[in-house]
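Chain by chain, the residues:
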Amino acid sequence: MARKTHDRLFDRIANFQALRTAARKAIKGKRNKPAPAAFMANQEKELLRLERELRDGSYKPGGYVTIFIKDPKSRMVSAAPFRDRVVHHALCAVIEPIFERGFIYDSYANRSGKGTHRAVARYERFRDRSSHVLRCDIHRYFPSIDHEILKRDVRRRVACERTLRLIDTIIDGSNPQEPVHIHYPGDDLLTPFERKRGLPIGNLTSQFFANLYLDGLDHFVKEKLRAKGYVRYVDDFALFHDDPATLESWRQSIGVFLEGRRLSLHADKTFVQRTSEPAPFLGYVLYAGYRGLPEDNVRRFRNRLRGLRDRLRAGTATNEEIEQKIGAWIAHAAHANTWRLRNAIFQGETFRLPLDPNFRDGQSGPKRKPGRSRLATACCAAAPGTTIRGTSARPIATGTTPTIETTTTGSVLPARP
């Protein structure tokens, strides 16, 4: 059955009220930054100018600010000008619901009511029902997204010409990405260099387009391969089955399907393994009935926290700023079995932070010790020579969970009586 296409969308995007709502969404968490603050200080004038440019077709995206991140892995992150981010929010508010209806249940990235924690809980559910898993990752996904194929995907549901021109303008306005020169069946020598490809990591539209680009894979896996256990978060996905030979067959089929979208499986990150083995997934290390954090994640956070403590002592950072910077890690860590680890890290009287609420998405999350306060004080490490218990370790056969002891060399302020 042919899917319904949608027309007359542009007026819902390029109007003052929609742009004002989009600006309020785009400004969240960025009110203290100069460019967003300047835009909002002249909000009415800026929005009216943006509306006029969109309606008369003169709107052009601005230049990107690009930074290179090397920890934990090297990648290029691009930030669009704030006025462009307002347009991105206005566009996605209209077109996302159109495509959302066709997405499968087990696609978890950049969707309301989904996210990493629900993806991890779903992975654990399928893992506990199967003996083997096929772990897949796509080689340099964002830089490989083909513009022509992406535009074709959009046109399967969107028929509004003015909206399509805006979408094409945003896609074509992507800044140059890292080179990915791979030849696929039917290519000549110059094809990989001639086709436009790549979306900037950091755009709201890029997140949505990246999810849409693999929607065909989701339906292929569920409807053609008939995989009952399947979870995808952006380009990281897993298929579950009791027969490893079936998974190997699926691996070959998926590789062929992705070639048609000018994508390739990552050779080192695509493999079949037993579900009883530890599995790194979306920032956790998953064991049967137990979640840990990767050691490098804890190490990076300790280093970051040490720097924040030094800034606090020097008077170059406030408690509120510190809380904002480390709150995301606390929320992430609280969804693993890290209660002892977090209480070892967050102690002393440098500053106080609220601990996260109990885990709610799955059965393997942490449980707060009874009678303990939900408040903890934060510092960079335990006292010199002490040991920290609670880092990840594989459960033993009896069902108890051993811990790894780590001797620290950091310092800590005296504990509050």
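Residues numbered from 1 in each chain as written. Predicted model: local features only at pLDDT ≥ 70, side-chain atom pairs only at ≥ 80, totals over all residues. Heavy atoms only, no water.

### With respect to a nonpolar patch on the surface
Counted only if it meets this: The patches described consist of residues with a relative accessible area above 30% and no salt bridge, like charges being joined within 9 Å and nonpolar side chains (Val, Leu, Ile, Met, Phe, Trp, Tyr) within 5 Å. Only the protein chains shown count as cover for residues, with accessible areas throughout obtained via the Shrake-Rupley method and a probe of 1.4 Å. The rule for a salt bridge is simple: a side-chain nitrogen of Lys or Arg has to be within 4 Å of a carboxyl oxygen of Asp or Glu. Going along the chain from the N terminus, every DSSP run of H or I of four or more residues is numbered as a helix, and every run of E of two or more is numbered as a strand.
A cluster of nonpolar side chains, Leu 189, Leu 190 and Phe 193, forms an exposed patch at the surface whose accessible area comes to about 350 Å². Secondary-structure assignment places Phe 193 in helix α10 (residues 191–194).

### A word on the packing of helix α8 (residues 147–155) against helix α11 (residues 204–213)
Let me state the cut-off plainly: Helix axes are fitted only over the stretch in contact, all axes being lines through C-alpha atoms; the angle between N-to-C directions runs from 0 to 180 degrees. Angle categories are assigned with fixed cut-offs, so that under 35 degrees is roughly parallel, over 145 is roughly antiparallel, 65 to 115 is roughly perpendicular, and the rest are oblique. In this analysis, two residues are considered to be in contact whenever any of their non-hydrogen atoms come within 4.5 Å of each other. Gly counts as polar in this scheme, as do all residues outside two lists: the nonpolar Ala, Val, Leu, Ile, Met, Phe, Trp, Tyr, Cys and Pro, and the charged Asp, Glu, Lys and Arg.
The interhelical angle for the contact between α8 and α11, taken along N-to-C directions, is 85°, at an axis separation of 10 Å. Relative to α11, the element α8 is oriented roughly perpendicular. Residue-level contacts link Ile 149, Leu 150, Asp 153 and Val 154 of α8 to Phe 209, Leu 212 and Tyr 213 of α11. Looking at side-chain class alone, the contact of α8 with α11 contains six nonpolar, no polar and one charged residues.

### Some thoughts on empty space enclosed by the protein
It is the rolling of a water-molecule-sized probe over the atoms that shows where space remains empty. Condition: Only protein atoms enter the 1 Å grid used here, on which a cavity is any set of points holding a 1.4 Å probe that cannot leave and a pocket is any open set flanked by protein within 12 Å on both sides along at least five of seven lines; residues with an atom within 4 Å of a point are listed as lining. Grid points are joined across faces, edges and corners, and a volume is the space filled by probe spheres set on the points.
Enumeration over the complete set of coordinates arrives at three cavities of 30 Å³ or more. Counted as a void, the largest cavity has a volume near 120 Å³. If you trace the largest cavity, you find it lined by Ser 144, Asp 146, Val 180, Ile 182, Tyr 184, Pro 192, Arg 195, Arg 197 and Arg 262. Among the residues forming the lining of the largest cavity, the class breakdown is four nonpolar, one polar and four charged.

### Concerning the pairing of strand β8 (residues 284–287)
Two faces make up the sheet, and in a regular strand the side chains alternate between them. What counts is decided by this rule: Burial classes follow relative accessibility: with a 1.4 Å probe on protein chains only, a residue under 20% of its type's maximum area counts as buried, one over 50% as exposed, and anything between as partly exposed. DSSP bridges decide pairing: two strands pair if at least two such bridges lie between them.
Here β8 shows two buried faces, one formed by Tyr 284 and Leu 286 and the other by Val 285 and Tyr 287. With three bridges joining them, strand β7 (residues 279–281) and β8 adopt antiparallel strand pairing. Looking at the pairing, Phe 281 lines up with Tyr 284 of β8. Counted along the chain from β7 to the antiparallel partner β8, the turn is two residues long, and its residue Leu 282 has a positive phi close to 50°. As paired strands, β8 and strand β9 (residues 290–292) are joined by three bridges and run antiparallel to one another. Each residue of the ladder has a partner; that of Leu 286, found in β9, is Arg 291. Taken together, β8 and the strand that follows it, β9, pair antiparallel across an intervening segment of two residues, in which Gly 289 is found at a positive phi of about 75°.

### Concerning the sheet that holds strand β5 (residues 236–241)
Whenever strands of a sheet pair, they do so through backbone hydrogen bonds, lying parallel or antiparallel. Across the sheet, four strands lie side by side as β4-β5-β3-β6; this open sheet has antiparallel pairing. With one partner strand each, in any of the chains shown, β4 (229–233) and β6 (271–274) form the two edges of the open sheet. The sheet shows a mean angle of 20° between the axes of neighbouring strands, taken without regard to direction. The strands touched by helix α6 (residues 116–127) are β3 (132–137), β4 and β5; relative to β4, the strand with the most contacts, the crossing angle is about 160°. Helix-sheet contacts for helix α12 (residues 215–224) involve β4 and β5, and the interaxial angle to β4 is about 170°.

### Here's the deal with the packing of aromatic side chains
In plain terms, the rule: Pairing of aromatic rings covers Phe, Tyr and the six-membered ring of Trp, with a centre-to-centre limit of 6.5 Å; geometry is then stacked below 30 degrees between planes, edge-to-face above 60, and tilted otherwise. Counted as over-ring charges are cases with an Arg CZ or a Lys NZ within 6 Å of the ring centre that also lie within 35 degrees of the ring normal.
Under the criterion given, the structure shown has 13 aromatic pairs. These aromatic residues form a ring-pair network of at least three members: Tyr 123, Phe 126, Phe 240 and Phe 281. Lys 114 extends its terminal NZ or CZ atom over the ring of Tyr 105, reaching a point 3.5 Å from the ring centre. The ring centre of Tyr 108 lies 4.9 Å from the NZ or CZ of Lys 114, which sits over that ring.

### Description of unusual backbone geometry
You will see that Asn 110, though not glycine, has its phi angle at about 55°, which is positive. With respect to the secondary-structure elements, Asn 110 resides in the loop between α5 (82–100) and α6. In this structure Asn 110 comes out as partly exposed when scored by relative accessible area, which is 37%. Even without being glycine, Arg 262 reaches a positive phi, approximately 55°. Inspection of the secondary structure puts Arg 262 in the loop between α13 (244–259) and β6. Accessibility expressed as a relative area gives 12% for Arg 262, which makes it buried.

### Some thoughts on the pattern of salt bridges
For the coordinates displayed, the defined rule picks out 22 salt bridges. Between Arg 140 and Glu 178 there is a salt bridge whose closest N-O contact spans 3.3 Å. Of this pair, Arg 140 sits in the loop between β3 and α7 (141–144) while Glu 178 sits in the loop between α9 (161–172) and α10, placing them 38 residues apart in sequence. Using a relative accessible area of 32% as the deciding quantity, one classes Arg 140 as partly exposed.

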